[in-house]
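Notes for the structure review
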Amino acid sequence: MDMYDRIQRQPARRQHITPGAAVLAAFGFLVAATCVGMLVYAARYQLRYRRFINDFSASLAASNKISLRMTWQDEDVPITTDQASRLCRRITTAGAGKVQKAVPDGDECQLVFGDGASLTMWQVDIPEKNAANPTGTFIRYADADGRIYQYDTDQLLFTEIAAILALP
């Protein structure tokens with residue numbers, strides 16, 4: 001007699017999924033999908049900001065060799081690469097802001113880099129209750145390929161930009 005002959009074979013039972021188990025599984029899947037979606041969104045947002053900073057820095061580096069222009073209230077204002085470098089460091093220090101779709105009205109300060117990119121800044125009111133400052137800066141960067149990154153931030157006051165760029 002073989003060892004396996006002693007084992008009694010029982011008919012396979014069909015397992016039934018209870019409604020509570022099905023709801024619990026669906027809820028678990030929904031929570032997991034939501035968490036993954038939020039992580040992907042946050043990573044995409046951060047990667048987009050990093051690409052903006054890298055492109056902005058590359059435009060600034062290219063302007064050292066080619067050209068750099070600034071306009072303020074429809075007038076050309078002289079600017080040095082040192083001023084533009086300090087502005088780049090200050091924008092980087094301020095960090096990512098709230099991405100916006102519409103461009104504000106009002107006076108703008110625009111830097112045009114030698115590679116065809118441009119950086120435009122406006123002073124704006126920040127309506128959020130938890131904002132560090134009631135006013136801030138709206139930043140719009142368009143790279144040489146036409147990609148646009150625009151956001152507002154309460155971590156960078158327009159008066160700081162005016163001081164760095166020595167605006168009249």
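Residues numbered from 1 in each chain as written. Predicted model: local features only at pLDDT ≥ 70, side-chain atom pairs only at ≥ 80, totals over all residues. Heavy atoms only, no water.

Observations regarding the nonpolar core
- Ranked by internal contacts, the top residues of the largest apolar core, which has 31 residues, are Phe52, Ile91, Leu111, Leu119, Met121 and Leu165.
- Contributing elements (two or more residues each) for this core: helix H1 (19–65), strand E1 (68–72), helix H2 (81–94), strand E4 (108–113), strand E5 (118–125), strand E6 (135–142), strand E7 (148–153) and helix H3 (158–165). (Core = buried A, V, L, I, M, F, W, Y, C linked by side-chain atoms within 4.5 Å. Buried < 20%, exposed > 50% of the residue type's maximum accessible area, 1.4 Å probe, protein only. Helix = DSSP H or I, 4+ residues; strand = E, 2+ residues; numbered from the N terminus.)

Focus: a negative patch on the surface
- Side chains of Asp74, Glu75, Asp76, Asp107 and Glu108 sit close together on the surface and give a patch of like negative charge.
- You can see Asp74 is positioned in the loop between E1 and strand E2 (75–77).
- When its relative accessible area of 82% is taken as the criterion, Asp74 is described as exposed. (Patch = residues over 30% accessible without salt bridge, like charges linked within 9 Å, V, L, I, M, F, W, Y side chains within 5 Å. Areas by Shrake-Rupley, 256 points an atom, 1.4 Å probe, with all protein chains shown as cover. Salt bridge = Lys/Arg side-chain N within 4 Å of Asp/Glu carboxyl O. Lys, Arg positive; Asp, Glu negative; His and termini not counted. Charge placed at Lys NZ, Arg CZ, Asp CG, Glu CD.)

Let's talk about the pattern of salt bridges
- Enumeration over the complete set of coordinates arrives at four salt bridges.
- Salt-bridge contacts for Arg147 lead to Asp55; the nearest nitrogen and oxygen are separated by 3.1 Å. In this pair, Arg147 sits in the loop between E6 and E7 while Asp55 sits in helix H1, placing the two residues 92 residues apart along the sequence.
- With relative accessibility at 41%, the residue Arg147 sits in the partly exposed group.
- Between Arg86 and Asp82 there is a salt bridge, with its nearest N and O atoms 3.9 Å apart. One end of the pair, Arg86, and the other, Asp82, are both in helix H2, four residues apart, so they sit about a helical turn from each other.
- We classify Arg86 as partly exposed; its relative accessible area is 35%.
- Its relative accessible area of 46% is what places Asp82 among the partly exposed residues.
- Ionic contacts of the salt-bridge type, sharing partners, join the residues Asp55, Asp143 and Arg147 into one network.

Comments concerning the sheet that holds E4
- A sheet is described by the order of its strands in space; here seven strands give the open sequence E2-E1-E4-E5-E6-E7-E3, paired in antiparallel fashion. Strand pairing shows two members of the sheet lacking a second neighbour, E2 and strand E3 (98–99), which therefore form its edges.
- This element, H2, spans E1, E4, E5, E6 and E7 of the sheet and lies at about 55° to E5.
- Against the sheet, H3 engages E1, E4, E5 and E6, with an angle of about 140° to E5. (Pairing = 2+ DSSP bridges. Contact = heavy atoms within 4.5 Å. Axes fitted to C-alpha atoms, helices over the stretch in contact; angles between N-to-C directions.)

Considering the environment of Lys129
- Here Lys129 shows up in the loop between E5 and E6.
- Using a relative accessible area of 88% as the deciding quantity, one classes Lys129 as exposed.
- Residues Lys129 and Gly116 lie 13 residues apart in sequence; the distance between their C-alpha atoms is 37 Å.

Structural notes on the side chain of Ser59
- As for its position among the elements, Ser59 is in helix H1.
- Assessed through its relative accessible area of 1%, Ser59 is described here as buried.

Overview of the side chain of Gln83
- Inspection of the secondary structure assignment puts Gln83 in helix H2.
- In this structure the side chain of Gln83 is engaged in a polar contact, spanning 3.5 Å, whose partner is the backbone oxygen of Ile164.
- Not counting residues up to four positions away in its chain, the partners in contact with Gln83 are Pro78, Ile164, Leu165 and Ala166. (Polar contact = N/O pair within 3.5 Å; in protein donor to acceptor, adjacent residues only side chain to side chain.)

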